Amino acid sequence: MATAFELDQKDALARFKKEFYQPEGQIYMDGNSLGLLSKQAEAKLMNLLASWKVHGIDGWTEGEEPWFTLAEELSARIAPIVGAKPSEVMVTGSITANIHQMLSTVFQPTTKRFAIVVDELNFPSDIYAVESHLRLRGLDPATAMRKVKSRDNYTLHYEDIVAQLQGDVAILLLPSVLYRSGQLLPLREITAAAHARGILAGFDLAHSIGALPHQLHEADVDFAVWCHYKYMNSGPGGTGGLYIHERHHHLPPGTAGWFGSDKEKQFDMDHHFSKAEGAGAYQIGTPNIFSMAPLLGSLELFEDAGMDAIREKSLKLTALLRQLIGEHLPELLDVTPVEDENRGGHIALSHPEAARICKALKQAGVVPDFRAPNIIRLAPVAFYTSFSDVEEMVGRLKNIMHGELYKNFTNDRNVVA
Ligand SMILES: *Cc1c(COP(=O)(O)O)cnc(C)c1O
């Protein structure tokens, strides 16, 4: 295998590192939780603030990026990133809010089909959303929410997913990439298995968007939700996104609001709701302009680099990382699937002292990510992590493990972990 130095020499994306803000000497491995700020994202945010300063209310229709159509413009540019038609994508809401919107729209429970399949490893917010949504429909989550079980507490088996697709199931909602182990699920196969049984397939792309290419339309996925503050680098609380296949666009939004209107008619102030044609119909209220602005800049970098090149480098970065961990730190158990086609953009290491190892890493200038109770997530990001950074990070981790430096910290998590 090539050395880190050689890999950096040949890295076609190396030029992007200087576009991101990062303290000197720090190695940032947490881009799967909150991506770093780029100069482009900063500039777009400042532009939109300036348009408020200069135009006041007229900023809705004037200036470089009129606010009234900003979400629609962004959506057309996000569409290729998720492999959808522009009309199928909307930049709006948050993951959790968009799960509510999608369920309220496409979930039409009957006495025969009323259950929603989730998995026992999913992020809590997705589970809270499904449970509360079922209750709103007068259904009991104890019987109407089915969880795919994990055999090893880290990954899901395709057969175990299919086994849950029973005759009374209406919808499945699974992650594309599992937030702890980094397992990438086969969306196309799962969708086909669901459709063969009359079940709709929805996915949460939180940990895959910006890390790898998607083909949502071609894979025939019914709906998807995601955020832009992880690998898409749009900043804390950056507005999220949803995809809904065009065959569902006739459905009125389950939770409607005036920004879901046909834009020509929105200001008619008519009490009759004229819904927008495509995914725009599933917006609710006024878009969060300043939480969308950074995405305009961030997208320039994605369009310049290309999703395939990003995925290619990401796989090489994580391959180097796990190779070095395997060689030098076998006591850190690598729980991410081995095959490239089964893994996303981060590597998950399991260790009983994970919480305090992460604190020691932070003191050593590495920003890792801890997930209770025992997982260290490390996400080298194609845009701003070099192969030498990976090597240097493993060196610092080696010092911590061999010198037992983590024992200087308590083994519990901080409030935000
Ligand atoms: C990050 C993440 C969330 C967060 O949801 P928000 O509504 O954006 O706060 C939800 N689900 C998954 C799987 C996540 O990774």
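In what follows, the accompanying structure is described. (Residues numbered from 1 in each chain as written. Predicted model: local features only at pLDDT ≥ 70, side-chain atom pairs only at ≥ 80, totals over all residues. Heavy atoms only, no water.)

**Notes on the packing of helix α2 (residues 39–55) against helix α9 (residues 289–305)**
Then step 1. Closest axis-to-axis distance for the α2/α9 pair is 7 Å, and the angle between their directions is 140°. In terms of orientation, α2 and α9 fall into the oblique class. Helix-helix and strand crossings are classified by hand; for α2 and α9 the assignment is right-handed. Judged by residue contacts, Gln-40, Ala-41, Lys-44, Leu-45, Leu-48, Leu-49 and Trp-52 of α2 engage Ile-289, Phe-290, Ala-293, Pro-294, Leu-296, Gly-297, Ser-298, Glu-300 and Leu-301 from α9. (Axes fitted to C-alpha atoms, helices over the stretch in contact; angles between N-to-C directions. Helix = DSSP H or I, 4+ residues; strand = E, 2+ residues; numbered from the N terminus. Parallel < 35°, antiparallel > 145°, perpendicular 65-115°, else oblique. Left-handed = near helix turned anticlockwise from the far one by under 90°. Contact = heavy atoms within 4.5 Å.)

**A word on helix α11 (residues 354–363)**
Then step 1. The element α11 is extensively covered by neighbouring structure, given that eight of its ten residues are classed as buried.
Then step 2. Every buried residue of α11 is accounted for by Ala-354, Ala-355, Arg-356, Ile-357, Cys-358, Lys-359, Ala-360 and Leu-361.
Then step 3. Those residues of α11 that are buried lie in contact with β11 (366–367), β12 (369–371), β13 (375–378) and α12 (387–402).
Then step 4. Of the residues trailing α11, Gly-365 is marked for its positive phi of about 85°. (Buried < 20%, exposed > 50% of the residue type's maximum accessible area, 1.4 Å probe, protein only.)

**Details of the pairing of strand β5 (residues 169–175)**
For a regular strand, side chains alternate in direction, first toward one face of the sheet and then toward the other.
Then step 1. Burial of β5 is extensive: seven of the seven residues sit out of reach of the surface.
Then step 2. Note: β5 against strand β6 (residues 200–204), five bridges, orientation parallel. When the bridges of β6 are listed, Leu-173 appears paired with Gly-202.
Then step 3. Each parallel crossover has a hand, and the one from β5 via helix α8 (residues 187–196) to β6 is right-handed. (Pairing = 2+ DSSP bridges. Right-handed = clockwise from strand over helix to strand, strands pointing away.)

**Topic: the environment of Ile-57**
Then step 1. Structurally, the position occupied by Ile-57 is in the loop between α2 and α3 (70–82).
Then step 2. The sequence separation of Ile-57 and Glu-312 amounts to 255 residues, and the corresponding C-alpha distance is 44 Å.

**Thoughts on the site of the ligand**
Then step 1. Around the ligand sit Ser-94, Ile-95, Thr-96, Asn-122, Phe-123, Asp-126, Asp-204, Ala-206, His-207, Tyr-229 and Lys-230, and that is every residue in its neighbourhood.
Then step 2. Here an oxygen atom of the ligand sits 3.3 Å away from a polar atom, N or O, in the side chain of Ser-94.
Then step 3. With respect to the ligand, the side chain of Lys-230 contributes an N or O atom lying 2.5 Å from an oxygen atom.
Then step 4. In isolation the ligand offers 390 Å² of accessible surface; the protein chains occlude 86% of this area. (Near = heavy atom within 4 Å. Polar contact = N/O pair within 3.5 Å; in protein donor to acceptor, adjacent residues only side chain to side chain. Areas by Shrake-Rupley, 256 points an atom, 1.4 Å probe, with all protein chains shown as cover.)

**Comments concerning a nonpolar patch on the surface**
Then step 1. A cluster of nonpolar residues, Met-46, Leu-49, Trp-52 and Phe-290, forms a patch on the protein surface that exposes about 400 Å² of accessible area.
Then step 2. No other element matches the three residues that α2 contributes to the nonpolar patch.
Then step 3. Mapping Trp-52 onto the fold places it in helix α2. (Patch = residues over 30% accessible without salt bridge, like charges linked within 9 Å, V, L, I, M, F, W, Y side chains within 5 Å. Salt bridge = Lys/Arg side-chain N within 4 Å of Asp/Glu carboxyl O.)

**Overview of the packing of helix α4 (residues 95–106) against helix α5 (residues 124–136)**
Then step 1. At a minimum axis distance of 9 Å, the contact between α4 and α5 shows a crossing angle of 35°. Between α4 and α5 lies a crossing whose hand is right-handed. Facing α4, whose interface residues are Ile-95, Thr-96, Ile-99, His-100, Leu-103 and Ser-104, α5 presents Ser-125, Asp-126, Ala-129, Val-130, Ser-132 and His-133.
Then step 2. Taken together, the residues of the contact of α4 with α5 sort by class into five nonpolar, six polar and one charged. (Nonpolar A, V, L, I, M, F, W, Y, C, P; charged D, E, K, R; others polar.)

**As for the nonpolar core**
Then step 1. Core analysis: the largest hydrophobic core is formed by 96 residues, its most contacted members being Trp-226 and Phe-383.
Then step 2. In terms of residue count, the dominant contributor to this core is α9 (nine residues).
Then step 3. Discounting residues that sit within four places of it in the chain, Trp-226 has contacts with Ile-78, Val-82, Val-89, Ile-95, Leu-205, Ala-206, Ile-209, Leu-216, Gly-240, Gly-241, Leu-242 and Tyr-243.
Then step 4. Counting residues in hydrophobic clusters, the runner-up holds 31 residues, among them Leu-329, Leu-332, Leu-349 and Leu-361. (Core = buried A, V, L, I, M, F, W, Y, C linked by side-chain atoms within 4.5 Å.)

**A word on the sheet that holds strand β3 (residues 115–119)**
Then step 1. In space, the seven strands of this open sheet follow the order β2-β8-β7-β6-β5-β3-β4, with mixed pairing throughout. If you trace the sheet from one side to the other, it starts and ends with β2 (89–91) and β4 (145–148), each paired once. The mean inter-strand angle of the sheet, taken between neighbouring strand axes irrespective of direction, is 20°.
Then step 2. Pairing analysis gives four bridges linking strand β7 (residues 223–226) to strand β8 (residues 241–244), with the strands arranged antiparallel. Note on β8: the bridge partner recorded for Trp-226 is Gly-241.
Then step 3. Its contacts with the sheet put α3 on β2 and β7, and the angle it makes with β2 is roughly 125°.
Then step 4. Its contacts with the sheet place α8 against β5 and β6, and it is angled at close to 150° to β6.

**Side note on the packing of aromatic side chains**
Then step 1. Applying the stated rule across the entire model yields 13 aromatic pairs.
Then step 2. On the basis of an interplanar angle of 40° and a centroid distance of 6.3 Å, the ring pair of Trp-60 and Phe-259 is categorised as tilted. With Trp-60 in the loop between α2 and α3 and Phe-259 in the loop between β8 and α9, the pair connects residues that are 199 residues apart, well separated along the chain.
Then step 3. For Phe-259, a relative accessible area of 3% translates into the label buried.
Then step 4. One aromatic cluster is present, formed by Phe-16, Phe-20, Tyr-28, Phe-302, Phe-383 and Tyr-384 through successive ring pairs.
Then step 5. Over the face of the ring belonging to Phe-123 we find Lys-230, whose NZ or CZ atom lies 5.4 Å from the ring centre.
Then step 6. In this structure, Lys-263 is placed above the aromatic ring of Phe-68, and the distance from its NZ or CZ to the ring centre is 4.3 Å. (Phe/Tyr/Trp six-rings, centres within 6.5 Å; stacked < 30°, edge-to-face > 60°. Lys NZ or Arg CZ within 6 Å of the ring centre and 35° of its normal.)

Remember, this is a structural readout, not a statement about activity or role.
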